[in-house]
Amino acid sequence: MARVGILGGTFNPPHVGHLVCAQEARDQLALDRVVLMPAGTPPHKEIADDPGAEARLDLCRLAVAGDPVLGVCAVELERAGPSYTADTLRVLHDREPGDELTFIVGGDMAESLPTWHEPREILRLARLAVAERDEVRAGDLGARLRPLHDGTRIVFFDMPRLDVSSTDLRRRVAEGRPIRHLVPDAVADEIAAHGWYRPTAGVSPTEQEHHG
């Protein structure tokens, strides 16, 4: 049996914040490994400036390359239609029924869990690990989510505050600014090689942001 953490997201692109989150969850929650799981078709939002699911999967693989305890899971890209977390966890559970799954989220995402598709099924199939530094807010979140589980299915871990986001990184690329050290070098090189996130010819980054 393996204790596997799952960090889902669009990873458009993956950056150091994602990797630190995965690292801290693995360390503080005694997980054997953590996998990045890029979304195929998120049910509640469009993916802005998307270079394509396969491209985001490749960027995730480059981001974790060489790290023995981080990996990538492509299960959400293997099926068509919206990627609901409950369905994904069922697939993973069926594939490796002996694994103990931990689904890693930020505090804001955890707060919306009651509105997700089959939230109780999510907590039956996996622990929810919430990155939250604020003890008061963690207490409020715990109280909000208590009706969904028996008290053992939600855990919290502390993460250094890193002010980096995929949205800002895409904007930096569109403006011709560097992203090295905000993403792994291999990710920066791949983005540059393919010209991803650069503005469309004749359209300013600001215009692209409003129309993208």
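For every chain, the first residue of its written sequence is number 1, and the numbers climb from 1 along that sequence. For a predicted model such as this one, the threshold for reporting local features is a pLDDT of at least 70, and the threshold for listing and counting side-chain atom pairs is 80 or more; totals across whole chains, interfaces and linings nevertheless cover every residue. As a rule here, side-chain values come from all non-hydrogen atoms in the structure, and water together with hydrogens is ignored.

*Asks:* Lay out helix H3 (residues 85-95) with the relevant residues and their values.
*Replies:* Buried within H3 we find Thr-85, Ala-86, Thr-88, Leu-89 and Leu-92. Take H3 and look down its axis: the buried residues cluster within an arc of 160 degrees, on one side only. For this analysis, residues touch if any pair of their heavy atoms sits within 4.5 Å. We count a stretch as a helix when DSSP gives it H or I for four or more residues in a row; a strand needs E for two or more, and each element gets its number in order from the N terminus. Those residues of H3 hidden inside the fold are in contact with strand E1 (3-9), strand E2 (33-38), strand E4 (100-106) and helix H5 (119-125). The buried label applies to any residue whose accessible area, calculated with a 1.4 Å probe on protein chains only, is under 20% of its type's maximum; exposed applies above 50%, and partly exposed to all values in between. To obtain the arc, one takes the directions from the helix axis to the C-beta atoms.

*Asks:* An account of the confidence of the model for the protein chain is requested, with residue identities and associated values reported.
*Replies:* What pLDDT conveys is the predictor's confidence in a given residue, as a value from 0 to 100. Confidence along the protein chain averages 89 in pLDDT terms, with 91% of residues attaining 70 or more. A low-confidence stretch, residues 201-212 (pLDDT under 50), is modelled with 11 contacts involving residues beyond four sequence positions or located in other chains.

*Asks:* Break down the sheet that holds strand E6 (residues 154-157) for me, citing the residues and quoting the values.
*Replies:* A strand pair is defined by DSSP finding two or more bridges across the two strands. With parallel pairing, the six strands of this open sheet are ordered in space as E3-E2-E1-E4-E5-E6. This sheet does not close on itself; its edge strands, each paired only once, are strand E3 (70-72) and E6. On average, adjacent strands in this sheet sit at an angle of 30 degrees to one another, irrespective of strand direction. Pairing analysis gives five bridges linking E4 to strand E5 (residues 127-131), with the strands arranged parallel. Paired with Thr-102 across the two strands is Arg-127, which belongs to E5. Orientation is described by lines fitted to C-alpha atoms, with helices fitted over the stretch in contact, and by angles between N-to-C directions that extend from 0 to 180 degrees.

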